[in-house]
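Residues per chain, in single letters:
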Amino acid sequence: KNAAVAIIPATILADSPCRLENLPDISDVKTLTYILEDMGAKVDYLDRHTVEIDPRPVETDTVSADIARRIRASYYFLGALLGRYHKAVVPMPGGCNFGIRPIDQHLKGFAALGCDYSLDNGMIAVSSPGDLHGSSIYLDVVTVGATMNIMLAAVKARGLTVIENAAREPHIVDLANFLNTMGARISGAGTDTVKIRGVNSLRGGTYAIIPDQIEAGTYLAAVTAVGGNVLVQNVIPKHLECITGKLQDMGAKVIPFDDSIRIIRSGRLRSSTAKTRPYPGFPTDMQAQVCVCMALANGTSRMTESVYETRFFGYCSELESMGARISIESKTATVVGVEQLHGATVSAHDLRAGAALVIAGLAARGTTRVQNIHFVERGYEDLIGKLTALGADIKRIEE
Ligand code: EPU
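Chemist: Help me understand the packing of helix α9 (residues 287-295) against helix α11 (residues 351-363), please; the structure alone is not making it clear to me.
Modeler: Geometrically, a packed helix pair is captured by the angle between its two axes and the distance between the axes. Between α9 and α11, the least distance of the axes is 7 Å, while the angle of their chain directions is 25°. Taken together, α9 and α11 sit at an angle that is classed as roughly parallel. Between α9 and α11 the crossing geometry is right-handed. Contacts between α9 and α11 involve A288, Q289 and V292 on the former and, on the latter, R352, A353, A356, I359 and A360. Among the residues making up the contact of α9 with α11, the classes are represented as 6 nonpolar, 1 polar and 1 charged.

Dropping the structure here:
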């Protein structure tokens with residue numbers, strides 16, 4: 001998901017059609033391709049996972065589709081449109097609600113490349129009087145969004161841009177690989193210093209997006225919480241080490257292969273401690289799913305959130321209504337493991353919180369009803385089908 005949602009807006013930079021393969025069939029992707037179509041691009045789905053995008057008919061530097069407000073990743077149109085037109089007008093982005101999510105580092109980067117910006121009536125307008133020019137940018141916080149957005153804006157700027165204290169997530173490498181396939185000159189992606197030497201034009205081409213390590217990690221956490229023996233296919237095990245290490249600590253057996261991982265869990269889980277950090281640390285996007293494992297472990301676990309402080313509020317009280325024992329103090333949740341959760345009606349407040357509640361429901365005695373499942377559908381393709389194939393009794397109900 002988080003690679004696809006940057007690569008789709010990036011196609012605007014190409015001067016010929018792009019074919020994207022291995023796209024997840026999720027609502028965030030549908031929203032972004034809809035926005036592209038609304039801007040004039042020709043978008044053809046060749047099958048559920050392959051789309052051909054011809055960005056040439058786009059003649060606007062403005063994202064007017066109101067739907068863009070609902071998702072976070074619409075902010076990648078800022079960088080992509082700046083790269084193409086030196087000007088971009090995009091609605092303030094929405095996305096999962098876990099407190100204040102500033103974009104000051106994105107704007108600081110655009111300013112360093114020669115742009116002015118303003119905020120008017122819920123729209124962010126960024127523009128440069130002429131070509132963007134390369135610059136050195138030190139990010140005050142490690143941010144995935146700003147790292148990728150500055151890469152998009154800088155790829156056609158004049159001269160060299162250097163992003164220091166850059167985020168290192170696998171999706172940053174994937175965006176760089178996609179742009180380099182189009183003719184960009186980006187080096188250092190995956191380290192904390194990314195260098196972008198501007199080029200005059202970018203061509204289209206065919207590109208396969210990497211497997212989503214958080215989607216895979218969610219299934220691994222589900223097996224850890226519920227028990228079982230499952231092979232998760234089409235993954236890059238290296239990208240999952242920050243997650244599998246934690247699940248192993250808690251008692252799961254993890255066997256990595258070239259592009260798959262077997263996970264086996266029997267017996268009671270052990271308690272553990274975890275702290276979320278930027279990659280290659282333990283990801284904030286796995287906090288909630290691993291907390292469910294902690295809720296079922298033997299002993300007291302601690303989870304500390306250092307990226308989005310309010311993320312616990314999206315699901316901890318819901319888990320408590322299922323019998324979990326969790327207390328939150330400042331950035332740390334203390335989780336006293338119980339032998340069994342029980343079914344309840346709970347509500348998803350964001351994407352990963354929703355996935356965690358589904359896992360808790362699978363592990364619980366009795367029936368769990370998870371409301372607001374549309375959050376989960378933003379990021380998980382066919383969650384119900386995949387879990388049913390593993391023996392879960394789960395169905396989607398329209399209310
Ligand atoms: N931050 C700033 N200023 C900025 C940008 C970020 O202070 O200009 C702070 C944020 O408030 C946060 C930290 O820096 O405390 C990291 O933010 P980052 O920019 O890395 O996050 P993001 O781009 O808003 C993306 C994913 C999130 C994921 C985070 C962290 C997308 C669309 N979103 O968000 O994905 O949690 O990176 O890895 O790619 C999810 O998939 O569930 C999800 C929320």
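Chemist: Any chance you could explain the sheet that holds strand β17 (residues 325-329) here in plain terms?
Modeler: Adjacent strands of a sheet form backbone hydrogen bonds with each other and so pair up, either parallel or antiparallel. The strand order across the open sheet formed by 4 strands is β15-β16-β18-β17, and the pairing between neighbours is mixed. Two strands lie at the open edges of the sheet, namely β15 (273-275) and β17, each paired on one side alone. Put simply, the sheet's adjacent strands are angled 15° from each other on average, direction ignored. Seen against the sheet, α9 touches β15, β16 (300-304) and β18 (332-336) and runs at an angle of roughly 170° to β16.

Chemist: Is there a simple way to explain the pattern of salt bridges in this structure?
Modeler: Two side chains that carry opposite charge are able to pair once their charged atoms sit near each other. Counting across every chain of the model gives 18 salt bridges. Ionic pairing is found between D44 and K42, a salt bridge with its closest N-O pair at 2.9 Å. Relative accessible area serves as the criterion here: at 34%, D44 is assigned to the partly exposed category. The salt bridge partner of R396 is E377, with a shortest N-O separation of 2.5 Å. Of this pair, R396 sits in the segment after α13 (383-389) while E377 sits in helix α12 (residues 374-377), placing them 19 residues apart in sequence. Residue R396 is classed as partly exposed on the basis of its relative accessible area of 41%. A relative accessible area of 29% means that E377 is categorised as partly exposed.

Analysis parameters
- Residues numbered from 1 in each chain as written.
- Predicted model: local features only at pLDDT ≥ 70, side-chain atom pairs only at ≥ 80, totals over all residues.
- Heavy atoms only, no water.
- Axes fitted to C-alpha atoms, helices over the stretch in contact; angles between N-to-C directions.
- Helix = DSSP H or I, 4+ residues; strand = E, 2+ residues; numbered from the N terminus.
- Parallel < 35°, antiparallel > 145°, perpendicular 65-115°, else oblique.
- Left-handed = near helix turned anticlockwise from the far one by under 90°.
- Contact = heavy atoms within 4.5 Å.
- Nonpolar A, V, L, I, M, F, W, Y, C, P; charged D, E, K, R; others polar.
- Pairing = 2+ DSSP bridges.
- Salt bridge = Lys/Arg side-chain N within 4 Å of Asp/Glu carboxyl O.
- Buried < 20%, exposed > 50% of the residue type's maximum accessible area, 1.4 Å probe, protein only.

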